Amino acid sequence: MNWTAEAEQLLEKMPAFVSDRFRKKLEDKAAQQKRTQIDSAFVKDQQGGHKHQGYPPPRVTNDPIAEAFERKYAVHAGMMGGTPCGEDFETALWREVSLPSPDIPGMAYIHIPFCSSRCHFCGFYAEVSVPDVMADYTRALIAEIKMSGRYLKEAGQTLQAVYFGGGTPTDLSGDDLSRLVQTIRSELPLSNDCEITLEGRLYGFVDKKVQAVLDSGVNRFSFGVQSFNTKIRQQVGRKQPREEVIERLNRIVDLAEPHNAAVIIDLIFGLPGQGEVDWLGDIDCAIHETGIHGLDLYQINIIPSTPLLSLKDKLPPMATLRQRGKLFSIGRKRMIDAKFERLSIAHWRRDPRERNRYNSWNKMGSNCLPLGSGAGGRWGKTRFFQQNDLKLYLAAIKNGEKPLAMGMISPDHTQVSALAVGQLEQQQLDIVALEKVAG
Ligand code: SF4
């Protein structure tokens with residue numbers, strides 16, 4: 001293929017690992033169109049689509065946090081397309097697991113789809129918390145963990161982080177939670193320093209349950225507090241007032257202390273009626289009135305199917321994108337002033353016991369085994385999604401099958417894209433490391 005000098009110059013401005021692939025893509029495209037020459041106009045035309053994938057380019061502005069983007073886009077390593085897996089999903093999963101992956105951390109994500117609350121902004125619950133149903137589910141999950149453990153051990157894999165997410169895992173009984181954590185520890189090949197996180201809600205997480213899971217081996221709690229402001233909390237469906245939240249949180253911090261377990265909370269900015277004073281009040285409350293070891297500051301995610309949109313006219317207004325940019329900036333400054341250490345764009349810690357392994361590694365595209373109904377994960381080049389219909393999940397487990405509903409082979413660029421996303425989360429971009437991964 002004949003390249004004009006201007007077209008070659010455009011390619012030379014790109015890093016080598018991008019330009020090599022882009023050159024091939026352009027030549028394939030030109031051949032399809034029966035072109036004999038590639039000129040700068042053709043490169044720019046293809047580059048536009050390549051660079052932005054249909055999104056408008058960012059605006060050039062002096063206030064990029066508030067103004068650069070037209071709207072919030074999901075940037076997640078797992079969302080980068082792919083092709084459906086052609087073979088049986090279970091065969092594909094265990095084949096991927098059997099391949100050595102010494103440089104990539106291994107993890108497991110365990111989904112608990114139950115929740116007794118219905119927060120207006122939430123799109124993550126699937127099932128109402130009914131004790132008998134949750135007990136049946138726990139039995140099935142234990143069977144799935146045992147089956148998966150055999151494959152992981154045979155392959156010589158080690159897991160360095162396990163995350164119980166939901167839904168609300170703390171809605172399970174203390175006995176069920178203990179049995180699950182004990183099964184994880186006895187049946188899965190965990191590293192000695194494995195991070196075991198239990199996500200949940202403070203309401204209903206009584207001392208006996210907290211003690212039971214700590215004694216079983218949980219070493220990290222993540223609670224979705226969202227706001228300490230009683231009025232703002234109740235507007236979005238949270239039950240406890242500020243005083244109860246603080247009291248419960250500090251009690252759990254005390255119980256966690258002898259186990260050196262970390263207690264982390266999430267706070268949301270951009271909730272209905274939440275202004276700058278309310279937001280800084282939430283952050284100050286977390287820093288000065290609780291003993292938490294780390295926190296996430298993240299912006300409201302408006303999920304179309306949730307009541308937050310249908311109740312929009314009855315609730316006070318939510319912050320615009322520009323206002324959320326301001327809330328992010330003042331929150332960041334508050335955390336720096338309080339001498340918290342920044343582990344990622346939204347995550348901060350005050351104590352080194354908080355490691356944030358699961359969340360950091362997940363964004364970098366690490367291997368993660370999905371367990372439970374509705375769980376998602378990835379191993380090697382393939383992403384896997386588990387059956388989210390509870391009846392079908394239980395039936396598959398009864399038949400001794402891994403309840404996978406979908407497998408997607410990630411596109412070739414995934415590894416390098418995930419590394420770039422992970423690096424950006426840590427506020428850096430290491431082109432040399434990216435080139436090394438791209439090969
Ligand atoms: S407690 Fe958590 S999982 Fe349950 S509805 Fe609220 S945000 Fe969603």
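This structure is a prediction, so every number in the text was calculated from the model and none was measured. (Residues numbered from 1 in each chain as written. Predicted model: local features only at pLDDT ≥ 70, side-chain atom pairs only at ≥ 80, totals over all residues. Heavy atoms only, no water.)

Our next topic: empty space enclosed by the protein. What the rule picks out here adds up to one cavity of 30 Å³ or more. Its boundaries defined by the atoms lining it, the largest cavity holds a volume of some 100 Å³. Lining the largest cavity are 13 residues, and of these R201, L202, R233, R238 and Q240 sit closest to its centre. Among the elements that line the lining of the largest cavity, the one with the most residues is strand β7 (residues 220-226), at three residues. For the lining of the largest cavity, a count of residues per class yields five nonpolar, four polar and four charged. (1 Å grid on protein atoms, 1.4 Å probe; cavity = no way out; pocket = protein on both sides within 12 Å on 5 of 7 lines; lining within 4 Å. Points joined across faces, edges and corners; volume = space filled by probe spheres on them. Helix = DSSP H or I, 4+ residues; strand = E, 2+ residues; numbered from the N terminus. Nonpolar A, V, L, I, M, F, W, Y, C, P; charged D, E, K, R; others polar.)

On the surface, V128, V130 and V133 cluster together to form a nonpolar patch covering roughly 210 Å² of accessible area. Secondary-structure assignment places V128 in the loop between β4 (106-112) and α6 (131-154). (Patch = residues over 30% accessible without salt bridge, like charges linked within 9 Å, V, L, I, M, F, W, Y side chains within 5 Å. Areas by Shrake-Rupley, 256 points an atom, 1.4 Å probe, with all protein chains shown as cover. Salt bridge = Lys/Arg side-chain N within 4 Å of Asp/Glu carboxyl O.)

Here we come to the pattern of salt bridges. Within the structure shown, the criterion is met by 20 salt bridges. As a salt-bridge pair, K402 and E144 come within 2.7 Å of each other at their nearest N and O atoms. A residue pair is termed long-range when its members are at least 10 positions apart, and K402 in the loop between α15 (390-398) and β15 (404-409) and E144 in helix α6 qualify at 258 residues. Residue classification places E144 among the buried residues on the basis of a relative accessible area of 0%. One salt-bridge network, held together by shared partners, links E195, R220 and E354. (Buried < 20%, exposed > 50% of the residue type's maximum accessible area, 1.4 Å probe, protein only.)

What follows concerns the domain arrangement of the chain. Taken as a whole, the chain is organised into domain 1 (2-54) and domain 2 (77-363). Each of domain 1 and domain 2 has a C-alpha centre, and these two points are 43 Å apart. (Domains from an automatic or database assignment.)

We now examine the side chain of Q423. Its location among the elements puts Q423 in helix α16 (residues 414-425). Taking relative accessible area as the criterion, Q423 reaches 4% and is therefore assigned buried. Here D430 takes part through its backbone nitrogen, which lies 2.7 Å from a polar atom of the side chain of Q423. In this structure Q423 touches M364, Q428, L429, D430, A433 and L434, once residues within four positions along its chain are discounted. (Polar contact = N/O pair within 3.5 Å; in protein donor to acceptor, adjacent residues only side chain to side chain. Contact = heavy atoms within 4.5 Å.)

Following the sequence through the fold, L177 ends up in helix α7 (residues 174-187). Sequence spacing of L177 and F164 is 13 residues, and the spatial spacing of their C-alpha atoms is 10.0 Å. Excluding residues within four positions of it along the chain, L177 makes contact with P169, T170, L172, L198, K209 and V213.

Our next topic: the layout of surface pockets. If you add up the space inside the second largest pocket, you get close to 800 Å³. What lines the second largest pocket is a set of 30 residues, among which I104, G365, G380, Q415 and V437 lie closest to the centre. Broken down by secondary-structure element, the contributors of at least two residues to the lining of the second largest pocket are β13 (376-379), β14 (382-386), α16 and α17 (431-438). Counting residues per element, the lining of the second largest pocket draws most heavily on α16, at five residues. Considered class by class, the residues forming the lining of the second largest pocket number 14 nonpolar, nine polar and seven charged.

What follows deals with the pairing of strand β9 (residues 294-299). In the sheet, strand β8 (residues 262-269) pairs with β9 via six bridges, with the strands oriented parallel. Across the sheet, L267 pairs through a bridge with L297, a residue of β9. Handedness of the crossover joining β8 and β9 through helix α11 (residues 276-289): right-handed. Taken together, the three bridges between β9 and strand β11 (residues 347-349) define a ladder with antiparallel strand orientation. Bridged to D296 within β11 is H347. (Pairing = 2+ DSSP bridges. Right-handed = clockwise from strand over helix to strand, strands pointing away.)

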